[in-house]
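# Architecture and fold: a report
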Amino acid sequence: MALYAISDLHLSFSTDKPMSIFGDNWIGHENKIKKNWEEKINENDTILIGGDISWSMNADESREDLKWINDLPGRKIIIKGNHDYWWSSITKLNSLYDGMNFIQNNYFNYNEWAVCGTRGWMCPGSDKFAEKDKKIYDRELIRLRLSLEAAQKDGYEKFICMIHYPPTNEKFNSSGFIEIFNEFKVEKVIYGHLHGPALGKVIQGIYDGVEYIMTSCDFINFDPVKIMD
């Protein structure tokens, strides 16, 4: 039994949305993911998927992409990305497949760990952060706190968090997300969202006791990374 992570699958079996605009390494990327996944992950493992699952615009379009993920080995725990427009009510999503769990204001466990998270948003101080972004940013802070508090209320003391967006801006300043991670003594944070040239600016490694792990597909060469046994 082991815990793995990957994000930004950007599947498009029902839509025409090639990812090759981010580089030739994205050509046939779903085949690379499937090959690497099946070579290392078995049915007893758990995989954290950090958002941007499918380019689909609605639930009907997303079915083929979600089935593709469900058919891969292992249990999956999933958060929403900024492109996951197909995402419906959390109750409905969690009724779709026995082996796929979706996080929104809730959590799931991996052994003694609580897996929490939210989509996140760009942080204040980011080059593109505008007044309209503050409301979304503040809402995502609330959702992260609700997820962690739900786990804490149930007695969990060890936390892993998934957040789709980087938890900081391009200058690596602190943020409300980082403050919450530190408050709850989160030990590991998995995130993605960045592609192409943006991969030159990632937060990776241990900062203030929290390990940050970047898992965008092109950053990890489309190969799920092991988080722990």
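The name that an unreviewed UniProt entry assigns to the protein is Ser/Thr protein phosphatase family protein, with the source organism given as Clostridium intestinale URNW.

### Comments concerning the packing of aromatic side chains
The description of two aromatic rings rests on the distance between their centres and on the angle between their planes. Applying the stated criterion to the full structure yields 11 aromatic pairs. Seen in terms of ring centroids, Trp26 and Phe222 are 5.0 Å apart; in terms of plane orientation they differ by 90 degrees. Their pairing is edge-to-face. Pair noted here: Trp26 is in the loop between β1 (3-6) and α1 (29-40) and Phe222 is in the loop between β10 (210-214) and β11 (225-228), with a separation of 196 residues, a long-range link. The exposure classification of Trp26 matches that of Phe222, with both residues buried. Here Tyr107 and Tyr156 contribute two aromatic rings whose centre-to-centre distance is 5.4 Å and whose plane-to-plane angle is 65 degrees, an arrangement assigned as edge-to-face. Here Tyr107, found in the loop between β4 (100-102) and β5 (108-110), pairs with Tyr156, found in the loop between α4 (131-153) and β7 (158-163); they are 49 residues apart in sequence, far enough to count as distant. Neither Tyr107 nor Tyr156 differs from the other in exposure class; each is buried.

### With respect to the packing of α4 against helix α5 (residues 176-183)
In contact at an axis separation of 10 Å, α4 and α5 are set at 15 degrees when each is read in the N-to-C sense. Regarding the angle of α4 to α5, the classification is roughly parallel. Once α4 is placed against α5, the crossing between them reads as right-handed. Residues Tyr137, Glu140, Leu141, Leu144, Arg145 and Leu148 of α4 pack against Gly176, Phe177, Ile180, Phe181 and Glu183 of α5.

### Quick word on the pattern of salt bridges
In the structure shown here, the tally under the stated rule is 15 salt bridges. For Lys158, the salt bridge identified is with Glu187, shortest N-O distance 3.3 Å. Taken together, the residues Lys158 in strand β7 and Glu187 in the loop between α5 and β8 (188-191) connect sequence positions 29 residues apart. Of the residues examined, Glu187 reaches a relative accessible area of 33% and is grouped as partly exposed. A cluster of three or more residues bridged by salt bridges with shared partners is formed by Arg119, Arg139, Glu140 and Arg143.

### Considering the sheet that holds strand β9 (residues 205-207)
The strands making up a sheet are joined through hydrogen bonds of the backbone, oriented either antiparallel or parallel. The mixed open sheet is built from six strands, whose spatial order is β5-β6-β7-β8-β10-β9. Single-partner strands in this sheet number two, and they are β5 and β9. On average, adjacent strands in this sheet sit at an angle of 30 degrees to one another, irrespective of strand direction. Of the pairings in the sheet, the one linking β9 to β10 comprises three bridges and is antiparallel in character. By the bridge assignment for β10, Ile206 is matched with Glu211. Across the sheet, α4 is in contact with β6 (113-118) and β7; its angle to β6 comes to roughly 165 degrees.

### Quick notes on the UniProt feature "domain: Calcineurin-like phosphoesterase" (unreviewed entry) in the protein
Following the UniProt record, the feature "domain: Calcineurin-like phosphoesterase" (unreviewed entry) maps to residues 3-197 here. Measuring from the first to the last C-alpha atom of residues 3-197 gives 28 Å, for a span that is 30% helix and 17% strand.

Calculation criteria
Residues numbered from 1 in each chain as written. Predicted model: local features only at pLDDT ≥ 70, side-chain atom pairs only at ≥ 80, totals over all residues. Heavy atoms only, no water. Phe/Tyr/Trp six-rings, centres within 6.5 Å; stacked < 30°, edge-to-face > 60°. Helix = DSSP H or I, 4+ residues; strand = E, 2+ residues; numbered from the N terminus. Buried < 20%, exposed > 50% of the residue type's maximum accessible area, 1.4 Å probe, protein only. Axes fitted to C-alpha atoms, helices over the stretch in contact; angles between N-to-C directions. Parallel < 35°, antiparallel > 145°, perpendicular 65-115°, else oblique. Left-handed = near helix turned anticlockwise from the far one by under 90°. Contact = heavy atoms within 4.5 Å. Salt bridge = Lys/Arg side-chain N within 4 Å of Asp/Glu carboxyl O. Pairing = 2+ DSSP bridges. UniProt positions renumbered as here; feature names shortened; annotations may be inferred.

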